[in-house]
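Okay, here's what each chain looks like letter by letter:
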Amino acid sequence: MAQAFGATPFSVSEHAQRTFTALTTLPGEAAAKALAEAIETMEPAPYGVGAFEIEDDSGLWEVGSYFLDQPDAGMLDALGVAHGAKPFAISELPEIDWVAKVRRELSPVDAGRFFVFGSHDADRAADLGPDRVALQIEATVAFGTGHHGTTLGCLRAFDRLFTGGFAPARVADIGCGTAVLAMAAAAVLPDALVLASDIDEVAVDVARANVAINGLDGRIECMEAAGFAHPRLAEAAPFDLVFANILKGPLIELAPPMAAHLAPGGLCILSGLLVVQAEAVTAAYVAAGHELAGRDDIGEWSTLVMRRL
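Okay, so let's go over this structure. Fair warning: this is a prediction, and the values are worked out from it, not measured in the lab.

In terms of helices and strands, the protein chain carries 10 helices and 14 strands. For the protein chain, the proportion of its 309 residues judged to be buried stands at 45%. In the protein chain, the share of contacts with a sequence separation of at least 24, taken over all contacts with a separation of at least 6, comes to 66%. For the protein chain, the accessible area works out to roughly 14900 Å², and carbon and sulfur atoms hold 54% of it.

Attention shifts here to unusual backbone geometry. In this chain, Ala237 is followed by Pro238 through a cis amide linkage whose omega measures 5°. Counting through the fold element by element, Pro238 comes out in the loop between helix 8 (231-236) and strand 11 (239-245). Phi at Ala179 is positive, roughly 75°, even though this residue is not glycine. Here Ala179 lies in the loop between strand 8 (170-174) and helix 6 (180-188).

Once that is clear, we can look at the state of the cysteines. For the coordinates displayed, the defined rule picks out zero disulfides. With no disulfide partner, Cys176 has as its closest neighbouring cysteine sulfur the one in Cys222, 5.9 Å distant. Residue class for Cys176 comes out buried when judged on its relative accessible area of 7%.

In this structure, Phe114, Phe158, Ile220, Leu241, Phe243 and Ile269 are the most contacted members of the largest nonpolar core, which totals 40 residues. The element best represented in this core is helix 6, accounting for eight residues. The next biggest cluster of nonpolar side chains, apart from the first, holds 25 residues, and it includes Val242, Leu251, Met258 and Met306.

Reading the values: the criteria
Residues numbered from 1 in each chain as written. Predicted model: local features only at pLDDT ≥ 70, side-chain atom pairs only at ≥ 80, totals over all residues. Heavy atoms only, no water. Helix = DSSP H or I, 4+ residues; strand = E, 2+ residues; numbered from the N terminus. Buried < 20%, exposed > 50% of the residue type's maximum accessible area, 1.4 Å probe, protein only. Contact = heavy atoms within 4.5 Å. Areas by Shrake-Rupley, 256 points an atom, 1.4 Å probe, with all protein chains shown as cover. Disulfide = S-S within 2.5 Å. Core = buried A, V, L, I, M, F, W, Y, C linked by side-chain atoms within 4.5 Å.

And the structure:
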């Protein structure tokens, strides 16, 4: 990444650090976010707090926090009771060399013609045949690498479509993360307009870095946006292909805007949803003017291909 941005190499040092986690669950988004805000005011202060919906249709949310000093269990449980949460589970994380662990576990991924790898496997990428497309994603950034069933499903779906002659001229990757899907499209569609957006500013920076690492500068426009809410996305529409690898709730909310931004006959590849959620997402897109063109289940995850009518 330093090389991609013209910076000097990073200096890496090792130091010991204790880390404690505190996790609980409770029903409802509003209560979960209120509890997360209350935890942020604690002493010792946490260095990270998050509230996430548990994607099993239970309606439960998980609130997690991280501390450098052991947190006050009594205070945490008092806050939990006040917000209707279960007692917190507090534990100390073992010291782990995360970079080494990720590199060990992130072996290259084969998805049709696409080969997704970290820099530690560059030698294997160099040995690929001319019909393969190598995409480098740094091992220190694990989300959206292709190992997860959702990203893998999207890559496989796009590979099948491209093999069948589908060559979209305008492509958008909504919720792009590492931009691996946008890069896959740009790599095989040299004349296509490719846009990549994410609601997270850090993800957009990561996407730009990966675009540069893969020599795709000038081929992909990266921007911060919630869904299609960016002037550039509106200007570039209608799209022939849209990737949206996010979550069930946001996918359902995105169904009407998707129809508004897809060209008639255009396709969207959707993932980030469990197999048990696929029918609900399909129904939302059918109601918004799409038809199911394909589905691929990988383990507990599902990938849908929907066609705009």
